[in-house]
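Close look at the chain arrangement
Listed below are the residues making up each chain.
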Amino acid sequence: MLRLFTLFMLVVTLFSACDRFDFGFNDRNADRAGYREVGEVQAWVPVYVKNDDASLDVSVKDKRPTEEGGKIFALGNRLFQVETGVGLHIIDYSDKTKPVKVGFLNIPGCQEVALKGNSVYTNSFEDMLVLDLSTFPDVKIKSRLPNIFPEMKYPRPPATGTYYVCPDVSKGRVSHWKQETVLNPQCMN
Amino acid sequence: MHELMKIRLLLICGLVAALVAGCAKQDGSSPTNEFANGSGKGGSMARFAISGNYLYVVNNTSLLVYDISNPAETVQKSIVSVGWQIETIFPYDDKLFIGSSTGLFIYELKDPTKPSRLGAVAHFRACDPVVTQGNTAYLTLRGNGFCGSPNNALMVYDVTNPTQPVLKNQLPLKGPYGLGVHRDALYVCDGDSGMVVYNVSRPLFPEAIKTIKDGSTFLDVIPYNDVLIVYVKGGVRFFDISTPLNPVLLSEMMN
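Residues numbered from 1 in each chain as written. Chains lettered and ligands numbered in written order. Predicted model: local features only at pLDDT ≥ 70, side-chain atom pairs only at ≥ 80, totals over all residues.

**Some details on the overall build of chain B**
Counting its secondary structure elements, chain B contains one helix and 21 strands. For chain B, the residues scored as buried account for 42% of the 255 residues in total. Taking as baseline every contact in chain B between residues at least 6 positions apart, the subset at least 24 positions apart corresponds to 39%. (Helix = DSSP H or I, 4+ residues; strand = E, 2+ residues; numbered from the N terminus. Buried ≥ 20, exposed ≤ 12 C-beta atoms within 10 Å, placed from the backbone. Contact = placed C-beta atoms within 7 Å.)

**Here's the deal with the sheet that holds strand E20 (residues 235-240) of chain B**
Residues and elements named next belong to chain B. Taken together, four strands build an open sheet; the order of strands is E18-E19-E20-E21 and the sheet is antiparallel. The sheet is open, and its two edges are formed by strand E18 (218-224) and strand E21 (248-253), each paired on a single side. For this sheet, the mean angle separating the axes of adjacent strands, direction not counted, is 25°. (Pairing = 2+ DSSP bridges. Axes fitted to C-alpha atoms, helices over the stretch in contact; angles between N-to-C directions.)

**What to know about unusual backbone geometry**
Cis geometry marks the peptide bond from Phe136 of chain A to Pro137 of chain A; its omega dihedral reads 5°. Of note, Pro137 of chain A is situated in the loop between strand E9 (127-132) and strand E10 (140-145). Even without being glycine, Asn147 of chain A reaches a positive phi, approximately 55°. Within the element layout of this structure, Asn147 of chain A appears in the loop between E10 and strand E11 (163-164). For Gln85 of chain B, which is not a glycine, the phi torsion comes out positive at approximately 55°. Along the polypeptide, Gln85 of chain B turns up in the loop between strand E5 (75-81) and strand E6 (86-92). Owing to 21 C-beta atoms within 10 Å, Gln85 of chain B belongs among the buried residues under this scheme.

**Things to note about the pairing of E6 of chain B**
Residues and elements named next belong to chain B. Within E6, five of the seven residues are buried, which leaves it mostly tucked inside the rest of the structure. Note: E6 against strand E7 (residues 95-100), six bridges, orientation antiparallel. Bridging from a neighbouring strand, Phe90 pairs with Phe97 of E7.

**Re the environment of Val65 of chain B**
Residue and element names in this part refer to chain B. When you line up the elements, Val65 lands in strand E4 (residues 62-67). By the C-beta count within 10 Å, which is 23 here, Val65 ends up buried. With residues near it in sequence (within four places) discarded, Val65 still touches Tyr54, Tyr56, Lys77, Ser78, Thr113 and Pro115.

**Topic: the sheet that holds strand E9 (residues 116-122) of chain B**
Residues and elements named next belong to chain B. The antiparallel open sheet is built from four strands, whose spatial order is E6-E7-E8-E9. The open sheet terminates on both sides in strands that have one partner only, identified here as E6 and E9. Across the sheet, the mean angle from the axis of one strand to that of its neighbour is 20°, orientation sign disregarded. Examined bridge by bridge, strand E8 (residues 103-108) and E9 share six bridges and lie antiparallel to one another. For Ile106, the partnering residue across the bridge sits in E9 and is Gly119.

**Brief notes about the interface of chain B and chain A**
Chain B puts 42 residues into the contact, and the matching count from chain A is 41 residues. Looking at the side of chain B that touches chain A, the elements that each hand over two or more residues are strand E1 (41-42), strand E2 (48-51), strand E3 (54-58), E18, strand E19 (227-232), E20 and E21 of chain B. Broken down by class, the residue content of the side of chain B that touches chain A amounts to 23 nonpolar, 14 polar and five charged. Pairing of strand E3 (residues 69-75) of chain A with E1 of chain B involves two bridges; the strand directions are antiparallel. Looking at the pairing, Phe73 of chain A lines up with Gly42 of chain B of E1 of chain B. (Nonpolar A, V, L, I, M, F, W, Y, C, P; charged D, E, K, R; others polar.)

**Description of the nonpolar core**
Grouped together as the largest cluster of nonpolar side chains are 101 residues, with contacts concentrated most on Ile98, Tyr138, Val188, Ile229 and Val230 of chain B. For this core, the leading source of residues is E19 of chain B, giving six residues. The residues touching Ile229 of chain B, leaving out its near neighbours within four places in the chain, are Ile72, Ala74 and Leu79 of chain A together with Val221, Ile222, Tyr224, Val236 and Phe238 of chain B. In terms of nonpolar packing, the next biggest core, distinct from the first, is built from eight residues, Ala43, Tyr163, Tyr164 and Cys166 of chain A among them. (Core = buried A, V, L, I, M, F, W, Y, C linked by C-beta atoms within 7 Å.)

**Description of the pairing of E7 of chain B**
All names here are of chain B. The buried fraction of E7 is high, at six of six residues. Residues Lys95, Phe97 and Gly99 line one face of E7 and the alternating positions Leu96, Ile98 and Ser100 line the opposite face, and both faces are buried. Looking at chain direction, E7 and E8 are connected through five bridges and run antiparallel. Among the inter-strand pairings, Lys95 is bridged to a residue of E8, identified as Glu108. In textbook terms, the turn of a hairpin is the stretch between consecutive antiparallel strands, and for E7 and E8 this stretch comprises two residues.

As structure tokens, this is what we get:
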């Protein structure tokens, strides 16, 4: 029930932040009777990606540090780990005492991963993606199945009972959340 | 036990043979490819499960079935309505174990394109990954945060009759996430409190042997070819589990 409510609130927040109202969130919150002066607190801050499906480019990028490591899937000597909301780390652990990262796939909204043969099954927000690794490091999107995970359309802050900065849709789509010290965050879940 | 291993081995052999045969038909498959054939293994908190030529996907409410026998095409075969707040799926033998925040659902795959529900059990509201070995299903319940009640536990179900899973045991935990079972060992990620290793030589009566604690937050495990791949907050650790009850840290990949 609480989850539903939070989701509902988030959707409401997102809709009410629609561009045509033509004012920024901070101004609006400052004007609002319910504005909260909570001071400097730890809060979840939305990280945005451009809301442009055409920009989806899953090509192999240089390895990168793990920040918010997510789910894992092992196949042979390869381990894939989700970087929550950002993509997939590819780890080679042929030498189990010295695993190495061999690349990173850039997939906005990524949370899930599974592998079979040369196929990677993953998601970009609500869409399921099938990637083809057969010509690795040249990675192709084999298919994109829309709206398989409706609940992943708007990633929520990863914890309850915490403040978060209300998302501003004019800045793009929220891919994931980062914890930072923020002055007067106006949303709470 | 031996009988079961033999059957599994046979199955694996059959699978490999099938794959090799499948490959032979495709001229394009290069022998130098770095990615292994066959399917791998995911953690217990996954929304994807691969069983044979089929991919099973759970979203919040439904189980979706895809035929992936032809790598060029992902063909949807069916959608099965399961419930709500579905979170995890775990394939075992010819069954699927599906965890939701209100209960556990067991589906059988006699027709792999049309999973049918065998049984279900309700539990208190919590997040609940599930794994299975033999006739026992292990399930962790985390009640913190999003997931409802303040209860945290390892639940042990006898699923000899999958139409009527029976709760046999309930052990307290602090705030568990994923879990994995390998031979006589059950590994349970208990968040900040470490990874608990249970002896499950008596499957319905897990006995805590030790807790591996190193300051990190343990989230999920994959026992895979005598290696335990552990997903901790911020990265991955590799443990040798050739002696299942005594995992030995091999390496880590934290950034």
